[in-house]
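# Chain and residue survey
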Amino acid sequence: MLTLYDAPFPSSRTGALYNAFSYPTKISAEAEAIFIACHTSPGDTVLDPFGGSGTTGIAAKLAARPNEKMIRMADSLGLRPKWGPRRAVVYELSVIGSMLGSVLCDTDPVAFQDAASRLLSRTKEAADSLYSIIDNDGNPGLVRFIVWSDVIVCPHCHNEVSYANCCIRSNPFAISDKPVCPSCKRPFNITAETHTVRTITDRVLNTDISQRKRVPYKIYGITGSRKWSRLCTADDIEAIIAKLDNIDLKDFPEMKIRWGMLYRSGYHSGITHLHQFYTSRNAFMMNLLWDEIKKFPADIQDALKVFVLSYNVAHSTLMTRVVAKKNSQDFVVTGAQPGVLYISNLPVEKNIHAGLQRKLKTFADALKSTFDSPSEVTFINRSSLNIDLPDKSVDYIFTDPPFGDYIPYSEINQFNELWLENTTDNSEEVIINPCQNKDIHSYERLMKSVFSQSSRVLKDDGWCTVVFHSAKAEIWQSLYRVFKDNGLTPFKASILDKLQTTFIQTGSTVKVKGDPLILLSKCKTPTPTMFSSDEVLSHVLSEIPLDGSDKTSEAKRYSEYIRLCFENGLMVELNANSCLLHGRSD
């Protein structure tokens, strides 16, 4: 079992289960299933006090019915898992997280696929009308997606110009960060003040609001099976805007956003309600799908809702983005940047109906992975500050707690939960968040309460695996105290290698490569300390040299530093941006 922690453990971010629903900091259910099968025996009880999107429940299902990928992975790592059914109990505060886990563990894939196909069939005529467009040959086609562009005012000539026309370069294709006005040919800096703001009548709120002005820049369509694209002409711009302005949104519900840490006065100017994150066309389409779901039998509605919401935040809103990749001749469309509520200067309007049609198979395949597994999984939608399990009744805990101040889960999740008309009560959310009046002391107090409950229900010979990520020493120190005060001793440590950089790692100024894995015990004593604090640092610097050939070396150094500190019972003293770890003397 301990060989799990001898080297970085691979955790791929591919496959139907991973791609069924986007959720912050999600890890591979297949990878976690191997941990469960190595740490426990069939019939044992597994607990996750921070359930997130339900990965531990899904992993317990997979542990009873391992797929070929899992078996090959375990064999390649020299592991001997005990495959078979377990009982999993998953606590999750968020409404959408708990609902998502339940749907992915307990839905008949055949019944779902039949219902989802009927949902898309019933809404196809309306979708074809909404997304209709004339193609390059004058024939009727459908919009696949439209790249929009913010409108800005040149500070030199004061003409209104599109961001795209200022920043898109060809030969090679690129999105430049050095805009040049197409009117006066002079370079300038884009700021919040350069964006054009217009006053419009909000047709849901029935009041005037101010919002950034945008125009369609490029259309990507399909006619039959032929895909095509073109830069928007003046006629295109007029026709698209007129069509969207004529869409009736009188039946769209008023869903007010509860802003917090993620609010930015610049690009969130004028955004107070959920519908303002969509074009009017996509707001109408989402509402149409939602109303149609309510006509289905109650026992399949949750699955259909989760299916539609699986596309919502990442692809249905104006947070969908384009990027310019090296050697690409055109935009590469990607989803919303996870973990933030960012609307770029080049937002994308996707055809929701077509997107759901493409996603149907992936979602159904995810359900097939868990359906009929004999493992029993219970999802409890409430805080784990009070765990309703007997003392010493849990054999193993696997959990991925909130990473301090990195991810305001409830603020992000409300974009799906507002559709469910049931948003998370964040009063007991374990987080550092000034908007909730929660500092590191509040975070540590809440974490101690959860791990006190976890320690209470864990058997004396049980193990607890914690996945955690932070670039701040004070948060690691807080976590260390949480473990110590609850009688949980770091026994071994490793790295969960997610094989791609997570959004936190991508967005942070300082990157941490991989998430440290910490194995905790209530009764076993770790091997004697091998390194002092200075020796840990020296070891890391010597083992991972900064030779300029590997841009992730600094990130790897910090993860290795964290691992060695916990494995040797040492307090983390350095932040990820410490000059000592960077090999500098300044």
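Residues numbered from 1 in each chain as written. Predicted model: local features only at pLDDT ≥ 70, side-chain atom pairs only at ≥ 80, totals over all residues. Heavy atoms only, no water.

### Things to note about empty space enclosed by the protein
Rules: Both cavities and pockets are sets of points on a 1 Å grid over the protein atoms alone; in a cavity a 1.4 Å probe fits but cannot get out, in a pocket the set is open with protein on both sides within 12 Å along at least five of seven lines, and lining residues sit with an atom within 4 Å of a point. Grid points are joined across faces, edges and corners, and a volume is the space filled by probe spheres set on the points. Runs of E in the DSSP output that reach at least two residues are strands. Runs of H or I that reach at least four are helices, and both are numbered from the N terminus. Three categories are distinguished: nonpolar for Ala, Val, Leu, Ile, Met, Phe, Trp, Tyr, Cys and Pro, charged for Asp, Glu, Lys and Arg, and polar for the others, with Gly belonging to the last.
Taken as a whole and judged by the stated rule, the model has 3 cavities of 30 Å³ or more. There is about 410 Å³ of room inside the largest cavity. Lining of the largest cavity is provided by 33 residues; of these, Phe50, Gly51, Gly52, Glu92 and Pro402 occupy positions nearest its centre. Broken down by secondary-structure element, the contributors of at least two residues to the lining of the largest cavity are helix H3 (55–64), strand S17 (394–399) and helix H13 (409–420). Taken together, the residues that form the lining of the largest cavity break down as 13 nonpolar, 12 polar and 8 charged. In this model, the second largest cavity occupies a volume close to 100 Å³. Looking at the second largest cavity, it is lined by 14 residues, and the ones nearest its centre are Leu17, Tyr18, Lys26, Thr55 and Ile58. Listed by contribution, the elements that provide at least two residues to the lining of the second largest cavity are helix H1 (16–19), helix H2 (29–39), H3 and helix H5 (95–106).

### Considerations on the layout of surface pockets
One number sums up the size of the second largest pocket: a volume of about 570 Å³. Forming the walls of the second largest pocket are 25 residues, and the residues nearest its centre are Arg198, Ile200, Gln211, Tyr278 and Ser280. Going through the elements one at a time, strand S9 (197–202), strand S10 (207–212), helix H9 (234–245) and helix H10 (280–293) are the ones with two or more residues in the lining of the second largest pocket. Counting residues per element, the lining of the second largest pocket draws most heavily on S9, which supplies 4 residues.

### Here we look at the packing of H5 against helix H11 (residues 298–316)
Inclusion rule: Orientation is described by lines fitted to C-alpha atoms, with helices fitted over the stretch in contact, and by angles between N-to-C directions that extend from 0 to 180 degrees. In a left-handed crossing the near helix is turned counterclockwise from the far helix by less than a right angle, and in a right-handed crossing that turn is clockwise. Contacts are assigned to residue pairs with any non-hydrogen atoms lying within 4.5 Å of each other.
Across the interface, H5 lies against H11 with an axial gap of 10 Å and an inter-helix angle of 115°. At the point where H5 passes H11, the crossing takes the left-handed sense. Here Ile96, Met99, Leu100 and Val103 of H5 lie close against H11, whose contacting residues are Asp302, Ala303, Lys305, Val306 and Leu309. Within the contact of H5 with H11, the residues separate by chemical class into 7 nonpolar, no polar and 2 charged.

### With respect to the pairing of strand S18 (residues 458–467)
Put simply, the test is: Note on classification: 1.4 Å probe, protein chains only; a residue is buried when its accessible area is under 20% of the maximum for its type, exposed when over 50%, partly exposed between these limits. Whether two strands pair depends on DSSP finding at least two bridges between them.
Most of S18 sits inside the fold, with 7 of its 10 residues counted as buried. Across 5 bridges, S17 lies against S18 in parallel orientation. Following the sheet pairing, Ile397 is matched in S18 by Cys464. Looking at chain direction, S18 and strand S20 (residues 515–521) are connected through 5 bridges and run antiparallel. In the strand pairing of S20, Thr465 is matched with Leu519.

### Looking at the environment of Ile380
Here Ile380 is to be found in strand S16 (residues 376–380). For Ile380, a relative accessible area of 17% puts it in the buried group. Distance in space between the C-alpha atoms of Ile380 and Ser98 is 7.0 Å, their sequence separation being 282 residues. Those residues in contact with Ile380, other than ones at most four positions away along the chain, are Val89, Val90, Tyr91, Glu92 and Ser98.

### A short note on H2
The following threshold applies: Think of a polar contact as two N or O atoms within 3.5 Å of one another; within protein, one of them needs to be a possible hydrogen donor and the other a possible acceptor, and neighboring residues in sequence only count if both atoms come from side chains.
Across the 11 residues that make up H2, a large majority, 11, are buried. Within the span of H2, buried status applies to Ala29, Glu30, Ala31, Glu32, Ala33, Ile34, Phe35, Ile36, Ala37, Cys38 and His39. Its side-chain oxygen placed 3.3 Å from the backbone nitrogen of Glu30, Ser28 serves as the N-cap of H2.

### So, the environment of Lys82
Its place among the elements puts Lys82 in the loop between helix H4 (68–76) and strand S3 (87–91). The spatial distance from the C-alpha of Lys82 to the C-alpha of Ala63 is 8.2 Å, given a sequence separation of 19 residues. Of note is the side chain of Lys82, whose polar atom sits 3.4 Å from the side chain of Ser41.

### What about H10?
Using the following cut-off: Working rule for helices: expected span equals 1.5 Å times residues minus one.
Spanning 14 residues, H10 covers 20 Å between terminal C-alpha atoms, matching the ideal 20 Å at 1.5 Å per step. Within H10, 11 of the 14 residues are buried, which leaves it mostly tucked inside the rest of the structure.

### So, the pattern of salt bridges
Note the cut-off: Salt bridges are counted wherever a side-chain nitrogen of Lys or Arg sits within 4 Å of a carboxyl oxygen of Asp or Glu.
Tallying each qualifying case throughout the model produces 29 salt bridges. One salt bridge connects Arg281 with Glu349, and the closest N-O pair in it is separated by 2.8 Å. With Arg281 in helix H10 and Glu349 in strand S15 (residues 348–350), this residue pair connects regions lying 68 residues apart in the sequence. The burial state of Arg281 is the same as that of Glu349; both residues are buried. When the shortest N-O distance is used, the salt bridge between Glu444 and Arg481 registers 2.9 Å. In this pair, Glu444 sits in helix H14 (residues 440–457) while Arg481 sits in helix H15 (residues 473–485), placing the two residues 37 residues apart along the sequence. It is possible to trace a salt-bridge network through shared partners that takes in Glu444, Lys448, Arg481 and Asp485.

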